[in-house]
Amino acid sequence: TTQEGMNADPLLAWGHVDDGSRYAAQPMFLRPAGQFTTTAADLAQFAKFLLSDGNVRGQPFVSAELMRARGRVSGTQAASNGLTAGYALGLGRRDRHGVVGYCHGGNIVGFVAMLCVFPEQGKAFAYAVNTDSETADYGRIQSVLIDALAVAQAEAPATVAPAADIADWYGHYILSPNRFQAFEYLDTVFGGVRISRDADALVMTSLQADPRHLRPVAQRTYSSHDRTTASHVFFQDNTQHYLFSDGFQTYEKVSLLFVIAHRASVAMGVAGFLWLFCSGVWSVVRTGHRMFATAQAPAFVALLLVFVPVPFFMTQSFMALGDVTAASMLLAIVTVLLPIGMLLTVVRAWRLLDASHWNAIHLAAALFSLQWCGVLIAAGMLPLRLWA
C-alpha cells in the first residue's frame, strides 16, 4: 500500500521528515516487516491480542506459553548473569518514565510507530506518527499515554556496595558481536564506550551520547540514572574476556593500544587525504595543467573523482540509497580508484624525492592515506558498495 501509482490509496497519510518534505510509503521486503502498513486502530487491536492468552475466537492461535515468554529473555549471556532486560519473541523489556513494559517500536523514512503492553496490569498503548524526525521528543507521547493509563510505577532496587573486583572492568569496550557487519568498523572506531569509576558508581562515556551514571543494585548488576530497574550487567565469558551488556547489546573490553591504533589510523588517513587534496588544488592554481606531472597528481585526481557521484545522489530519492543506481555504481568505481591513486603517488614521489623536499611530504601523506585504505579494504568498506 502506498500513496502513489495505479493502486494509490488517497486515505493513506504521507510521511514527513524534519524539513517538511513528504515521503510515500515504500513497500519492500528487505526489512523484517516488509514495510507493513496499518492503522493505529488496528495496531491497538494487535495490542489487545498481545494481552490475551493467544486464543482467537476461542481457538488457540499462539500457545499461552509463548505468549508469556514475549520480552522475557532467556539463554543470553546477560540473562545468564541475572539481567532481565532484553528482547525476546518480538518484544523488548522497556524501562522508561518510571514504568516497565514490553514494547516494539519501528521507524522508516517519514513514519514512526510504537506499541507497548503491560501484561500484569492488562494495559497497552499504540501510536503511529507520520513524521520521522531527528529532533522530535517522541518520549512525550509515551509519557502522556503512560499517565493516561495510570500504569503502576516500577519498584526501584536499593543501591548496594559494588563487587570488590569491579575495577577489573574499567577501560574501553567495543560492540561484540556487532549486529550490522557493514558498520562494524565504524562502530569499532566511533561507537566504543569507556567505563570508569565515580565513587561507588560507574560512568559510561562515548563519542555518541551523554555520559551515563550507573549505580550498583547487585554484585555486578547496575541501574542507569535514566532507568528505574537494573539496566547493565558486567561479567566474564568462558575465555575470561571482560564484557558488559544492557540486554540488547554486548560490549567486550579492549586494550587502550587497540583504541589508539584505530583512531591514529583514521587521523593519519584523513590528514593524508587533506594534504594531498589541498596541495593538489594549490598546484593547479600555481602551475595549471603542469600539475599532472607532479608527484601528488594521481592521488589528487583519485580524490577529485570521489566528488563525481555527489550530484547523482542529490537527484535520486533517499529511499534508493541501497539500490543499484548510477550514483551507487559511480561511488563503487571511484572508491576502487582511491587506493590505486595513492599507490601511484607513493611510486612517483619516491622516484622524485631528489627533485624537491616537498615530495617527501607527499610520499608520507600518500603512505598515511594508503594505510587507511588498506584498513578500510580489510573492513569491507572499500570499495564502498551501498547496495545489498
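Further up the page is the structure itself.
Residues numbered from 1 in each chain as written. Predicted model: local features only at pLDDT ≥ 70, side-chain atom pairs only at ≥ 80, totals over all residues. Heavy atoms only, no water.

1. Some details on the overall build of the chain
Here comes step 1: Looking only at helices and strands, the chain features ten helices and 17 strands.
Here comes step 2: Taken along its principal axes, the extent of the C-alpha atoms in the chain is 85 × 65 × 30 Å.
Here comes step 3: Accessible surface for the chain amounts to roughly 22,000 Å². Of this, 61% is attributable to carbon and sulfur atoms.
Here comes step 4: When the 26 basic and 27 acidic side-chain charges of the chain are each reduced to a single mean position, those positions are 3 Å apart. (Helix = DSSP H or I, 4+ residues; strand = E, 2+ residues; numbered from the N terminus. Areas by Shrake-Rupley, 256 points an atom, 1.4 Å probe, with all protein chains shown as cover. Lys, Arg positive; Asp, Glu negative; His and termini not counted. Charge placed at Lys NZ, Arg CZ, Asp CG, Glu CD.)

2. Details of the packing of helix α9 (residues 326–351) against helix α10 (residues 358–378)
If you want to describe how two helices pack, look at the angle between their axes and the distance between the axes.
Here comes step 1: Where α9 contacts α10, the axes come no closer than 8 Å and their chain directions differ by 150°. Comparing the axis directions of α9 and α10 gives the class roughly antiparallel. Handedness of the α9/α10 crossing: left-handed. Taking contact as the criterion, the partners of Leu338, Pro339, Met342, Leu343, Thr345, Val346, Ala349 and Trp350 in α9 are, on α10, Asn359, His362, Leu363, Ala366, Leu367, Ser369, Leu370, Cys373 and Ile377.
Here comes step 2: Split by residue class, the contact of α9 with α10 holds 13 nonpolar, four polar and no charged. (Axes fitted to C-alpha atoms, helices over the stretch in contact; angles between N-to-C directions. Parallel < 35°, antiparallel > 145°, perpendicular 65-115°, else oblique. Left-handed = near helix turned anticlockwise from the far one by under 90°. Contact = heavy atoms within 4.5 Å. Nonpolar A, V, L, I, M, F, W, Y, C, P; charged D, E, K, R; others polar.)

3. Points about helix α4 (residues 138–149)
Here comes step 1: Taking 1.5 Å of rise per residue, the twelve residues of α4 would be expected to cover 16 Å, and the 17 Å separating its terminal C-alpha atoms lies within 8% of that figure.
Here comes step 2: For α4, every residue scored as buried is listed here: Tyr138, Gln142 and Ile146. In an axial view of α4, the angular spread of the buried residues amounts to 75°, which keeps them on one side of the axis. In α4, the exposed positions angled more than 90 degrees off the buried face are occupied by Arg140, Val144, Asp147 and Ala148.
Here comes step 3: Of the surrounding secondary structure, the elements contacted by the buried residues of α4 are β6 (91–96), β7 (99–108), β8 (111–118) and β9 (123–129). (Expected span 1.5 Å × (residues − 1). Buried < 20%, exposed > 50% of the residue type's maximum accessible area, 1.4 Å probe, protein only. Arc of directions from axis to C-beta.)

4. Some details on the sheet that holds strand β16 (residues 242–245)
Here comes step 1: If you walk around this closed barrel you meet the eight strands as β10-β11-β12-β13-β14-β15-β16-β17, and the pairing is antiparallel. Going from strand to strand, the sheet's axes swing by 30° on average, the running direction of each strand aside.
Here comes step 2: One ladder, built from three bridges, connects strand β12 (residues 201–206) with strand β13 (residues 212–216); its direction is antiparallel. Counterpart to Val203 in the pairing with β13 is His213. (Pairing = 2+ DSSP bridges.)

5. Quick look at the pairing of β13
Here comes step 1: A one-sided burial pattern is seen for β13, the buried positions being Arg212, Leu214 and Pro216 and the unburied ones His213 and Arg215.
Here comes step 2: Between β12 and β13, which follow one another and run antiparallel, lie five residues.
Here comes step 3: Of the strand pairs in this sheet, β13 and strand β14 (residues 221–224) are connected by three bridges, and their pairing is antiparallel. What sits directly across from Pro216, in β14, is Tyr222.
Here comes step 4: Between β13 and β14, which follow one another and run antiparallel, lie four residues.

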